[in-house]
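Overview (structure and organization)
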Amino acid sequence: MKLIIPKSGEPTAQADPFILKTRGMYYIYSTASDGVNVYAAKSLFGPWGYVGKALQAEGQHEYWAPCVIEYENKYYMYYSSFTVKSDDVHLGCIKVAVSDRPDGGFRYVKDLAPAFSIDAEAVQNETGLYMFYSVNDYEAERAGTYIVVDKMLSPTELEGNPKAVVRPSLDQEIFCRDRFKKGQHWHTLEGASYFKANGRHYLLYSGNCYENPDYFVGCAAADGGDDLTALAFHKIPDAHTYAPLIRRDEAEEGTGHNSVICEEGQWYMVYHARDIGDRKPYDTRTARIAEIDFENGVPKVKRI
């Protein structure tokens with residue numbers, strides 16, 4: 001189900017949608033080349049309205065995968081971008097911005113992690129603040145982008161001891177064959193999305209290439225306490241079985257990069273996808289929603 005129906009003159013794409021509920025309202029933040037777009041609604045299923053640019057920073061472009069948390073009456077946005085003088089995405093890094101309100105006015109504070117770092121997922125629980133994000137490993141057996149977690153000392157500072165959480169292990173996670181050198185296929189796991197349900201920790205992630213029809217959402221799980229850097233996440237059902245939570249079907253493709261929200265006991269996945277055949281020179285990824293249910297501790301996604 002598509003969540004947002006844009007009006008004339010408004011952005012038509014909502015790539016990498018991140019959903020936040022705060023102060024009785026719902027907000028979705030999304031990727032854009034000229035700033036972070038923000039949408040708002042009074043209920044989860046809308047109607048959703050375009051608010052405007054939540055963040056723009058001088059000299060920057062390609063604002064990727066925003067994530068927003070509320071902390072001590074302020075809102076912190078984590079995103080990656082890179083300078084307008086460069087088109088090398090591997091020079092992009094995670095940054096943090098702050099605002100007194102959720103619908104805009106975010107101001108750049110600092111770079112939070114070195115290049116290359118993307119797709120921040122900030123998490124707050126009883127033991128503190130944590131961040132999942134993606135980095136590169138050029139020397140791994142399955143070289144590519146993978147997901148790490150680090151403790152946060154404050155909303156604007158990482159501890160600096162990232163721990164690997166989920167690494168590529170499948171051919172279906174290949175982003176591009178022979179990408180940087182002959183014989184080395186580049187894999188990608190990105191778009192971390194964490195939640196805890198029924199006492200178990202879950203980490204959703206996107207694999208493959210966002211431009212490909214077979215972009216998909218996979219899941220890893222862990223049992224244990226709430227120190228997220230101490231958990232051992234394992235892919236479901238295992239590291240060598242391709243079992244996506246959601247992938248292309250007869251109606252949509254490029255399914256991936258989601259966030260999650262729980263509403264009256266029901267978990268939902270907000271993700272992006274393209275309509276089958278809707279591949280154009282510009283971005284056609286739009287925000288959609290599906291239900292997440294559980295079967296013996298294993299998440300199952302049901303399109304609405």
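Since we're looking at a predicted model, the values are computed, not measured.

The next point concerns the environment of A115. Within the fold, A115 resides in the loop between β8 (107–111) and β9 (118–125). If we ignore the near neighbours within four places in the chain, the residues touching A115 are H90, L91, G92 and C93.

What follows covers the nonpolar core. Looking at soluble globular proteins, one finds that nonpolar side chains tend to be buried together. Ranked by size, the top nonpolar core spans 37 residues in total, and within it Y29, M77, Y78, F106 and M131 carry the most contacts. Setting aside chain neighbours within four positions, we find Y78 in contact with A65, P66, C67, I69, K95, V96, L112, A120, A122, M131, M152 and P155.

Below, the discussion takes up the sheet that holds strand β7 (residues 93–99). Strands sit in the order β5-β6-β7-β8 across an open sheet of four strands; the sheet is antiparallel. The sheet is open, and its two edges are formed by β5 (60–71) and β8, each paired on a single side. Geometrically, the sheet is characterised by an average inter-axis angle of 30° between neighbouring strands, direction not taken into account. One ladder, built from four bridges, connects β7 with β8; its direction is antiparallel. Within β8, the position partnered with K95 by the bridge is D111.

Right, let's get into the pattern of salt bridges. Overall, the coordinates contain 22 salt bridges when judged by the stated rule. Of the charged contacts in the structure, one is a salt bridge between D137 and R167, with a shortest N-O distance of 3.1 Å. Pair noted here: D137 is in strand β10 (residues 128–137) and R167 is in the loop between β13 (163–166) and β14 (174–181), with a separation of 30 residues, a long-range link. By relative accessible area, D137 is classed as buried at 19%. Here D214 makes a salt bridge to R248, at a shortest N to O gap of 2.9 Å. Note that D214 is positioned in the loop between β16 (200–207) and β17 (216–222) and R248 in the loop between β18 (234–235) and β19 (252–263), a separation of 34 residues in sequence. Several salt bridges share partner residues, and in doing so they unite K2, D249, E252, D275, R288 and R303 into one network.

Reading guide: rules and limits
Residues numbered from 1 in each chain as written. Predicted model: local features only at pLDDT ≥ 70, side-chain atom pairs only at ≥ 80, totals over all residues. Heavy atoms only, no water. Helix = DSSP H or I, 4+ residues; strand = E, 2+ residues; numbered from the N terminus. Contact = heavy atoms within 4.5 Å. Core = buried A, V, L, I, M, F, W, Y, C linked by side-chain atoms within 4.5 Å. Buried < 20%, exposed > 50% of the residue type's maximum accessible area, 1.4 Å probe, protein only. Pairing = 2+ DSSP bridges. Axes fitted to C-alpha atoms, helices over the stretch in contact; angles between N-to-C directions. Salt bridge = Lys/Arg side-chain N within 4 Å of Asp/Glu carboxyl O.

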